[in-house]
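Residues per chain, in single letters:
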Amino acid sequence: MTKSMREATLQTIGLGSVLEIFQRGKLPAEASEMVDRVFGDAEQRGSLVISGAQGIVGSGKAMQLGSRLYRFGVPVVGIDFPGVPDGISKHYPGLVRAFGRDGANEIMGSIIQLHYDGAHLPAELSHFRPRFLLEAIPEILSIKKAHYEIFRGSFPDIEIRSVTSGFPSSELGVGIAHPAFPHEINKVWEIVEPEPSAVTQLLWSVGLMPIPVSDHWSFVLDVLFCGLTLAGLRYHDASNMPFWKIDKLVRKLVGPNPFRAHDAIGAKGANFLTWSCLHHLAEQYGEVFRPTALLEERKETGENWYPPNHFRPLVDWKLDDAGEEEFRTWILGPVFQMASLLVHEKRSHLSNLNAIGELCAQFRRGVLAMIREEGADSAIAIVEAYHQRDPQAAGAAWFPDAFGAVDEVDWQQLYVNAEHDGQVGVITLSRESYNSDVNHELNRALDWLRTEGIERLILTGDFHLSTQMVGADTSEFFPALENAEVGALIANEWSKTARRLHTDFSTSVGFINGKRCLGGMLELMMHCHYVVATEGADLGMPEVTLPVVPGMEGCHWPFRKAGTEDWPKLIVLLLVGRSIKAGDGVGWLIDAAASMDEALRTVWSIATDGDHGMPRRLLEEGALAGVPKEARDLPAASTPEAEAARQAILDCIDQACGTTLAEALGTQAEHSAGFMISPACRKGAIGAMYKKTMAV
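How each quantity is defined
- All residue numbers refer to position in the chain's written sequence, counted from 1.
- It should be noted that, the model being predicted, local features are given only for residues of pLDDT at least 70 and side-chain atom pairs only at 80 or more, the latter also being counted only at that level, while totals for whole chains, interfaces and linings use all residues.
- Side-chain descriptors were evaluated using all non-hydrogen atoms of the structure, hydrogens and water having been removed beforehand.
- Ring geometry is summarised as follows: Phe, Tyr and Trp rings, the Trp one being its six-membered ring, pair when their centres sit within 6.5 Å, and such pairs are stacked at plane angles under 30 degrees, edge-to-face over 60 and tilted between the two.
- Secondary structure elements follow DSSP: runs of H or I of four or more residues count as helices, runs of E of two or more count as strands, with numbering from the N terminus.
- Burial classes: relative accessible area under 20% of the type maximum marks a residue as buried, over 50% as exposed, and values in between as partly exposed (1.4 Å probe, protein chains only).
- Here, over-ring charges are defined by two tests on the NZ atom of lysine or the CZ atom of arginine: distance to the ring centre within 6 Å, and angle to the ring normal within 35 degrees.
- Contacts are residue-level and defined by heavy atoms, with any inter-residue pair within 4.5 Å sufficient.
- Between N or O atoms, a polar contact is any pair within 3.5 Å; within protein, one atom must be a potential hydrogen donor and the other a potential acceptor, and residues adjacent in sequence are included only when both atoms are from side chains.
- Helix axes use the C-alpha atoms of the stretch in contact, all axes being lines fitted to C-alpha atoms, and the angles between their N-to-C directions lie in the range 0 to 180 degrees.
- With respect to orientation, any angle under 35 degrees is reported as roughly parallel, any angle over 145 as roughly antiparallel, any angle of 65 to 115 as roughly perpendicular, and every other angle as oblique.
- Each residue receives one of three labels: charged for Asp, Glu, Lys and Arg, nonpolar for Ala, Val, Leu, Ile, Met, Phe, Trp, Tyr, Cys and Pro, and polar for the others, Gly being one of them.
- Only strands that DSSP links by at least two bridges are regarded as paired with each other.
- What we call a nonpolar core is a set of buried Ala, Val, Leu, Ile, Met, Phe, Trp, Tyr and Cys residues that are connected through their side-chain atoms within 4.5 Å.
- What makes a salt bridge here is a side-chain nitrogen of Lys or Arg within 4 Å of a carboxyl oxygen of Asp or Glu, nothing more.
- Here is the rule for handedness: rotate from the far helix to the near one, and if that takes an anticlockwise turn smaller than a right angle the crossing is left-handed, while a clockwise turn gives right-handed.
- By the criterion used throughout, a crossover qualifies as right-handed when its path from the first strand across the helix to the second strand runs clockwise, the strands pointing away from the viewer.
- Domain extents, as shown, originate in an automatic or database domain assignment.
- Reported buried area values correspond to the accessible surface (1.4 Å probe) lost by two parts on association, with both partners' losses combined.

Engineer: Explanation requested: the packing of aromatic side chains in the structure shown.
Structural biologist: Each aromatic ring pair is described using two quantities: the centre-to-centre distance and the angle formed by the ring planes. Evaluated as defined, the whole model comprises 17 aromatic pairs. Ring plane angle 50° and centroid distance 4.9 Å describe the contact between Phe243 and Phe259, whose orientation is recorded as tilted. With a gap of 16 residues between them, Phe243 in helix α9 (residues 243-253) and Phe259 in helix α10 (residues 258-265) connect regions that are remote in the sequence. Judged by relative accessible area, which is 0%, Phe259 ranks as buried. An angle of 50° between the planes, with centres 6.1 Å apart, marks the rings of Tyr285 and Phe289 as tilted. In this structure Phe289 comes out as buried when scored by relative accessible area, which is 0%. Grouping aromatic residues by their ring pairs yields a cluster made of Phe22, Phe463 and Phe511. Of note, Arg260 hangs over the ring of Tyr306, and the distance from its end group to the ring centre comes to 5.9 Å.

Here it is, written out as C-alpha cells:
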C-alpha cells in the first residue's frame, strides 16, 4: 500500500502515483494509445479541428499540437473566416528553427486550412472525420454556444473543448482547455471537466502539461495575472507613477512586467481580454476585481501602455523605504486577497495553484510560496493594510481563514513530494529549477522517509509539472553578488542537503526522466549512489557560461566517482559548458541510459536490490592525486568573463579535489561564493539580470 506526504499532482489527471510508474515499469499513458482513443485507430484516423485557427491562440495551438500529432497521422484542420490575417503561416520560420526545413514542411503539410461563414461548416470538413474540436473564437457567449450547436449537428459524437479566457464550463456547456501564453511554446493547459478524460491524458502523453481546475468564472492564471495588472493600475491611479516604472518595481517585487506583457501580446486584444476577465470576476466576486476607468478606456482604444517615445531611459528615480512599503502593500495586498479566493474555492491542488503563477504568469516564486514565507498573520496584515487604501476591496472575496492551514503539509510541500510502499521511497521534484524553497522541502521529505523507516530511495522529477531540470534558480544568487557570506551559506546548505542522498539511505537512485538535467540539478542527482537517465536527455554543467563556479560540489564530487581516465571529460564538461547526451555520459557521469520503459525497470531493479548487474561506483573520500590543473585544446571562451570563470573553476577543482571529502564541501562553497562577488560574475548574465531586476 502506498503512503504519501500529499497527493501527487499526477493523480489529479487520473494517472496514478509516481511510485506506481516505477512499480509497473512503464508510463501510465502512451501517446500512441491515447491518439487511438481520441482520434480512432490508424485505418479510421479522425482529425483535430481548431476553429478561429488564424488567431493568436488558434494558430499557436495548431503549431504546438500539429508538431506532436503529425507523426501519428492526425490531420489538424484549421477553420476561420475568409479574409482574416494568416496567423498560421507566420509560425513557419519558428518551425524551421525547431524541426529543420524538412520537418517543418511535414508538419505544415498535416495542417489543412478551410474557410467558413460562421453559420455553416465547409462541406469538405466531413472528409477529415472530425473527432475533437478546440474552439478559439471570440469571447462572446452566444456566438460560442451557436458554434457548438453547428458542430454537434454535423458531428454528434465530437469532443469539444473551449480555450475561453473567462466563461465557466457550466455557462458554455462544453469542457475547457485554457492554454497559457505564448501559445506555441507554453505547455500549460488549465482543464475543466467532470473527470479526467482521454483528451486530457492525450495532452499529457504528448509532453504537454494539463492542470485540472474547478469550474469557476475565469481561471487561475487570469486571476493572478489580470489581478496583478489591476493592482498596478490602482497604484497608478493613487500615485500617478508611469507604467514603465510600475513594471520595473513589480518585476523587482514578484517577477512579471504586466504592462509590457500586454503590449508584447498585442495591446488591442490583451487589453480587452484583461478587462473581460476582471469585469466578469467583479460581477461575481465584487470590487476587488473591478476594472479601473483607464482599463475601460483602453479596452476600446487598444492603446499601448508603453508609448513609443516615452522618457524611460532619461527619467528614473528610486523610492525611499516608506515608498517601497507603500508600493508593496498596493501590489501584494490585492494579489494575496485574490489568492485567498482561489484557496477558499479549492480551485486546484495547491501545488498546481502555486505552479501556474510561476509557469504562466512569470512569478519568480508562486504566490502560495510567497504567502507561506510571509506567514499567515503577516499576509493577512498586508491585505488589511491594502483595504485601508482601497476600502471597497474589503467588501467581498476576502477569506483570511484560507491561510489558516499554511503550516499543514499541502502548503509546506508545494514543490517536493514523497511516497513509499514500505520498502522503497520516491521523492519527486515539481520545480524545474532548484531554490531555497525546494531545498527546505527536500529536507522535510527526506526526514519523513527516514521517520517512516525507508532505506531505499528514488529521486526524480514529478512526471507532470516538471518536464526538465534546468539547474539552480539564478535569482537566488542576487544577494550573493553583494555578500560572499550569503553565497557561501547557499552553497553549504544546498550541498549538505544533497549529501543526504548519499549518507542517509542504503541505496539511492537518481532518475533523469525529462529532456535535460543541468547545473545544480545534475549536481543534486550525482549525489545519489546511482544515476539513470532516459537516453535522449541532455546533461550539462553550463555554469561557466553564466558565469559562476558550481556550488553543489560539481567541482569534486563527480571526480571522486569517476576513473582517472575520465577526469579530462569532466574538465571539458565544466570548462566548456556544452551539454552531452545521456548515453555519452555512462560510466563516468551517470550509470545507465536507456529508453523510458527500460530505464524505469532499471531504476526499480536497483532500488529493490534486484539483479540489475550494475556495480556501484564508489566515492573516494580522500584527497585525489593527479587531477589535471589545466585543459588543452578547448574552444576559445566566448567572453573575458567566461575565461575568468574557467580559471576559477580550475582552481576550485584543484583545491576541492586536493582535500578530503569532509573538507571539500567548505572549500567548494568558499570558491563559489568568492567568484560571485567578482567583477567577472557581476558583468555576466546573472549580474546583468540582477541589475535589470533589482537595481531600480
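Engineer: It is not clear to me how the side chain of Thr534 should be interpreted in this structure. Could you clarify?
Structural biologist: Structurally, the position occupied by Thr534 is in strand β17 (residues 530-534). The class of Thr534 is buried, set by a relative accessible area of 10%. For Thr534, the residues in contact, after removing those within four places along its chain, are Phe511, Ile512, Asn513, Gly514, Ala582, Ala594 and Met596.

Engineer: Quick question: what am I supposed to make of the environment of Lys581 here?
Structural biologist: By the secondary structure assignment, Lys581 is in strand β19 (residues 580-581). Through-space distance from the C-alpha of Lys581 to that of Arg516 is 9.0 Å; in sequence the pair is 65 residues apart. At 3.3 Å, the side chain of Lys581 and the backbone oxygen of Gly536 are in polar contact.

Engineer: How do you make sense of the packing of helix α8 (residues 220-239) against α10 when you look at a structure like this?
Structural biologist: Two quantities define a packed helix pair, namely the angle between the helix axes and the distance between the axes. Viewed as axis vectors pointing N to C, α8 and α10 meet at an angle of 120°, and their least axial separation amounts to 9 Å. One element, α8, and the other, α10, form an angle in the oblique class. For the pair α8 and α10, the contacting residues are Phe225, Leu228, Thr229, Gly232 and Leu233 in the first and Pro258, Phe259, Ala261 and His262 in the second. Counted by class, the contact of α8 with α10 contains six nonpolar, three polar and no charged residues.

Engineer: How do you make sense of the sheet that holds strand β18 (residues 538-540) when you look at a structure like this?
Structural biologist: Two orientations exist for strands paired in a sheet by backbone hydrogen bonds: parallel and antiparallel. Strand order in the open sheet formed by three strands is β16-β18-β19, and the pairing between neighbours is mixed. Bordering the open sheet on either side are β16 (516-518) and β19, each of which pairs with just one other strand. Inspection of the sheet shows β16 paired to β18 by three bridges, in the parallel sense. Within β18, the residue paired with Leu518 across the bridge is Gly540. Strands β16 and β18 of the sheet are contacted by helix α20 (residues 519-526), whose axis makes an angle of about 90° with β16.

Engineer: How do you make sense of the pairing of strand β10 (residues 416-420) when you look at a structure like this?
Structural biologist: The side chains of a regular strand alternate, residue by residue, between the two faces of the sheet. Among the five residues of β10, five are classified as buried, and the element is accordingly described as predominantly covered. Burial along β10 is two-sided: Val416, Ala418 and His420 facing one way and Asn417 and Glu419 facing the other are all buried. Sheet topology note: the strand β1 (residues 3-4)/β10 ladder contains two bridges and is antiparallel. By the bridge assignment for β10, Ser4 is matched with Glu419. With five bridges joining them, β10 and strand β11 (residues 424-429) adopt antiparallel strand pairing.

Engineer: Can you walk me through the environment of Val250 in this structure?
Structural biologist: Assignment of secondary structure puts Val250 in helix α9. Looking at Val250, the relative accessible area reads 0%, which means it is buried. In this structure Val250 touches Leu228, Gly255, Pro256, Pro258, Phe327 and Ile331, once residues within four positions along its chain are discounted.

Engineer: What is the right way to look at the nonpolar core in this model?
Structural biologist: Taken as a class, soluble globular proteins show a tendency for nonpolar side chains to be buried jointly. Core analysis: the biggest nonpolar cluster contains 170 residues, and Phe289, Ile427, Leu524, Phe559 and Leu589 have the highest contact counts within it. Counting residues in hydrophobic clusters, the runner-up holds 62 residues, among them Ile88, Ala198, Leu208 and Ala592.

Engineer: Would you explain the pattern of salt bridges in this entry?
Structural biologist: Oppositely charged side chains may form a pair once their charged atoms are brought near each other. Scanning all chains against the criterion turns up 34 salt bridges. Residue Glu283 is joined to Arg290 by a salt bridge in which the shortest nitrogen-to-oxygen separation is 2.9 Å. Taking the shortest distance from any N to any O, the salt bridge between Arg328 and Glu374 comes out at 2.6 Å. In this pair, Arg328 sits in helix α13 (residues 321-344) while Glu374 sits in helix α15 (residues 367-374), placing the two residues 46 residues apart along the sequence. Residues joined in a network through salt bridges with shared partners are Arg365, Arg372, Glu373, Asp437 and Glu441.

Engineer: Please clarify how the packing of α8 against helix α14 (residues 350-359) should be interpreted in this entry.
Structural biologist: Put simply, α8 and α14 touch, their axes get as near as 9 Å, and they point 50° apart. The angle between α8 and α14 places the two elements in the oblique class. Judged by the sense of rotation from one axis to the other, the crossing of α8 with α14 is right-handed. In contact with Val220, Leu221 and Leu224 of α8, α14 contributes Leu353, Ile356 and Gly357. For the contact of α8 with α14, the class distribution of residues is five nonpolar, one polar and no charged.

Engineer: Is there a simple way to think about the sheet that holds strand β6 (residues 159-162) in this case?
Structural biologist: Reading across the sheet, the eight strands line up as β4-β3-β2-β5-β6-β7-β8-β9 and stay open at both edges, with mixed pairing between neighbours. The open sheet is flanked by β4 (111-115) and β9 (209-212), the only strands paired with a single partner. Within this sheet the neighbouring strands show an average axis-to-axis angle of 25°, counted without direction. Pairing between strand β8 (residues 188-192) and β9: four bridges, direction parallel. Opposite Val188, over in β9, you have Met209 as the bridge partner. Sheet contacts for helix α2 (residues 31-39): β2 (47-51) and β5 (130-135); angle to β5, the most-contacted strand, approximately 95°. Sheet contacts for α14: β8 and β9; angle to β9, the most-contacted strand, approximately 135°.

Engineer: Could you clarify how one ought to interpret the pairing of β6 in this entry?
Structural biologist: Bridge analysis of β5 against β6 gives four bridges, and the strand direction is parallel. In the sheet register, Leu134 faces β6, and the bridge partner there is Arg161. Crossover connection from β5 via helix α5 (residues 141-154) to parallel β6: handedness right-handed. As defined by bridge partners, β6 adjoins strand β7 (residues 175-179) across two bridges and the pair is classed as parallel. Paired with Ser162 across the bridge in β7 is Ile176.

Engineer: What should I look at first to understand the domain arrangement of the protein in this one?
Structural biologist: Per the domain assignment, the segments making up the protein are domain 1 (46-212), domain 2 (220-410) and domain 3 (415-693). For domain 2 and domain 3, the distance between their C-alpha centres works out to 36 Å. Residue-level contacts link 14 residues of domain 2 with twelve residues of domain 3. Contact between domain 2 and domain 3 buries roughly 990 Å² in total, counting both sides, with carbon and sulfur atoms accounting for 41%. It is Arg251, Arg364 and Arg372 in domain 2 that bury the most area against domain 3; as a group they hold 44% of the surface buried on that side. Seen at the junction of domain 2 and domain 3, the total is four salt bridges.

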